[in-house]
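Descriptive analysis of the structure
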Amino acid sequence: NADDEFTQVQVLNDIAKTWEENLEKPAEALNTYGRIFKIQPADTDTQNQIARLASKTLAIDTWADLYASVLEEDKLDDYSDKRVVMLTLAHLYAERLGKSEKAEELCNKMLEEEPEELDAYDVLEWIYARDSNFEKLLDLWTRKNEIVQDTDEKLALCLRMATIQEEILHDELAAIKTYQSIL
């Protein structure tokens, strides 16, 4: 029942605020906001509270577990809401938890659902560049180059590809082909 859910969320919000403000127990507040998130995963206020408290308490793994469970339970009907949770989780995995494989898996899943999801490309680019995985980076840029519309962005991608091919991989023929594709 929507009324019961609304009442439950209101009560949980009050409890979370009490944990944090009156009892000075941010970890308990985070757990309570986690309960709210499982009821209303698309609520941006709750997502912001979780992000803030997880960062404050260094409970990034709790944050990631909450988001992963909501995705696993398929609780988000709207793709734009699901997208926000997936991207946040991918960033958490890649940048804060050192779980690049999980981030990569999540981004690839996003790209299967929405091949033009540029933010997923950006997360993958960050991972591959950080890990010096140039083969995957070149493949990613090739795929991204096929979907971007902006001529300047296409040019920048080709120049980055050619630079890596020439200066890092010492594959002059591939670099020449990439430079030729610009023309």
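Scroll up to find the structure this text is about.
Quick summary incoming for the structure in this document.

Conventions adopted
- Residues numbered from 1 in each chain as written.
- Predicted model: local features only at pLDDT ≥ 70, side-chain atom pairs only at ≥ 80, totals over all residues.
- Heavy atoms only, no water.
- Axes fitted to C-alpha atoms, helices over the stretch in contact; angles between N-to-C directions.
- Helix = DSSP H or I, 4+ residues; strand = E, 2+ residues; numbered from the N terminus.
- Parallel < 35°, antiparallel > 145°, perpendicular 65-115°, else oblique.
- Left-handed = near helix turned anticlockwise from the far one by under 90°.
- Contact = heavy atoms within 4.5 Å.
- Nonpolar A, V, L, I, M, F, W, Y, C, P; charged D, E, K, R; others polar.
- Core = buried A, V, L, I, M, F, W, Y, C linked by side-chain atoms within 4.5 Å.
- Buried < 20%, exposed > 50% of the residue type's maximum accessible area, 1.4 Å probe, protein only.
- Expected span 1.5 Å × (residues − 1).

Two elements in contact, helix 6 (residues 100-113) and helix 7 (residues 118-130), have axes separated by 9 Å at closest approach and are oriented at 150 degrees. Relative to helix 7, helix 6 is oriented roughly antiparallel. When the axes of helix 6 and helix 7 are compared, the crossing they make is left-handed. Along its contact with helix 6, which presents S100, A103, E104, C107, N108, M110 and L111, the element helix 7 presents A120, Y121, V123, L124, I127, Y128 and R130. Looking at side-chain class alone, the contact of helix 6 with helix 7 contains ten nonpolar, two polar and two charged residues.

A word on the side chain of N145. Structurally, the position occupied by N145 is in helix 8 (residues 134-147). Those residues within four positions of N145 in sequence are excluded, and the remaining contacts are K154, L157 and C158.

Moving on, we come to the nonpolar core. Formed by 49 residues in total, the largest nonpolar core has its most connected members in I50, W63 and Y67. Among the elements that make up this core, the one with the highest residue count is helix 5 (residues 79-96) (eight residues). Once residues lying within four places of it in the same chain are set aside, the contact partners of I50 are L30, Y33, G34, F37, W63, L66 and Y67.

Between its first and last C-alpha, helix 5 extends 25 Å over 18 residues, near the 26 Å set by a 1.5 Å rise per residue. Every buried residue of helix 5 is accounted for by K82, V85, M86, L87, L89, A90, L92, Y93 and A94. In the core, the buried residues of helix 5 are packed alongside helix 2 (26-39), helix 3 (44-57), helix 4 (60-72), helix 6 and helix 7. Positive backbone phi, approximately 65 degrees, marks G98, located one or two places after helix 5.

Bringing the environment of V11 into the picture now. Residue placement: V11 occurs in helix 1 (residues 2-22). Separated by 27 residues in the primary sequence, V11 and K38 have C-alpha atoms spaced 15 Å apart.

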